[in-house]
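Structural description and commentary
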Amino acid sequence: MDFQDLIRKRYSARAYSSRPVEEEKLARILESARLAPTAANRQPFRIEVISTQGREPELSRIYGRHWFTQAPLILALYTVPPEGWVRKADNWNAAEVDAAIAMTHIVLSAADEGLATCWIAAFDPAAAREVLKPPPDWMAFGFTPLGYPSDALGTKTRRPLGDLVIRDH
């Protein structure tokens, strides 16, 4: 698929079928995250693949929308700040930006595989820590259901390009 078509096709799904995700597709999606560019190639993120079957009540504590646990899988993306590249001038840590790039690769790769995602940032961090029990230096960054959509792409509303781009004058 052409990249421009792919970015137009990708959308945030809010309804999923229970159809299983093929291991080959999951492997390609995870590989796309591994190949994401990161500052100094530190890769300060981890991805947890979570099966939703039978875990819906506890996973719903992380994000309470009914569709969050409809897909057969949820991907949890964590940052590992001690592994992140740090800019010397102001001690800014690139771990969150690196995780955002990896998540972007995940959602685009999933769309390319015919799968749906919805990047969730409005989750409960305390519930995520209690339910998933990541190591202490891992910080939950974002989640996405991963599965086949049972809804369809609607109209995408975006600001005009002129509102977003400033050209050097």
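See the structure shown above.
The following refers to the structure shown. (Residues numbered from 1 in each chain as written. Predicted model: local features only at pLDDT ≥ 70, side-chain atom pairs only at ≥ 80, totals over all residues. Heavy atoms only, no water.)

Now for the overall build of the chain. The number of helices and strands found in the chain is six helices and three strands. Helices and strands in the chain line up, N terminus first, as α-α-β-α-β-α-α-β-α. At 17 Å, the chain has a C-alpha radius of gyration in line with the 15 Å of a compact globule built from 169 residues. Its C-alpha atoms give the chain principal-axis dimensions of roughly 50 × 40 × 30 Å. Classification of the 169 residues of the chain by burial places 40% in the buried group. Within the chain, contacts between residues separated by at least 24 positions form 79% of all contacts whose residues are at least 6 apart in sequence. Accessible surface, the chain as shown: approximately 9800 Å² in total, 54% of it carbon and sulfur. Counting 21 positive and 21 negative side-chain charges, the chain places the centres of these two groups 3 Å from one another. (Helix = DSSP H or I, 4+ residues; strand = E, 2+ residues; numbered from the N terminus. Rg over C-alpha atoms; globule rule 2.2 N^0.38 Å. Buried < 20%, exposed > 50% of the residue type's maximum accessible area, 1.4 Å probe, protein only. Contact = heavy atoms within 4.5 Å. Areas by Shrake-Rupley, 256 points an atom, 1.4 Å probe, with all protein chains shown as cover. Lys, Arg positive; Asp, Glu negative; His and termini not counted. Charge placed at Lys NZ, Arg CZ, Asp CG, Glu CD.)

Core analysis: the largest hydrophobic core is formed by 21 residues, its most contacted members being Y16, L59, I62, F68, I120, L132 and F143. Contributions of two or more residues to this core are made by β2 (73-79) and α5 (125-132). Every residue in contact with L132, bar those within four places of it in the chain, is listed here: E48, I50, R55, L59, I62, A76, Y78 and F143. Counting residues in hydrophobic clusters, the runner-up holds 19 residues, among them I29, F45, A110 and L146. (Core = buried A, V, L, I, M, F, W, Y, C linked by side-chain atoms within 4.5 Å.)

Turning next to helix α2 (residues 23-34). Since the α-helix turns once every 3.6 residues, residues separated by three or four places project in the same direction. With 12 residues, α2 ought to run about 16 Å at 1.5 Å a step, and its terminal C-alpha atoms sit 16 Å apart, in line with that. Listed as buried for α2 are K25, L26, I29, S32 and A33. Each buried residue of α2 sits inside an arc of 120° when the element is viewed along its axis, so together they form one side. Exposed residues pointing more than 90 degrees away from the buried face of α2 are listed as E23 and E24. Along its buried surface, α2 packs onto β1 (45-51), β2, α4 (95-112) and β3 (139-146). (Expected span 1.5 Å × (residues − 1). Arc of directions from axis to C-beta.)

The two faces of a sheet get side chains in turn, since along a regular strand they alternate between them. Here β2 lies mainly inside the structure; seven of its seven residues are buried. Examined bridge by bridge, β1 and β2 share seven bridges and lie antiparallel to one another. Bridge pairing links I47 to L77 in β2. By the bridge criterion, seven bridges tie β2 to β3 in an arrangement that is antiparallel. Within β3, the position partnered with T79 by the bridge is M139. (Pairing = 2+ DSSP bridges.)

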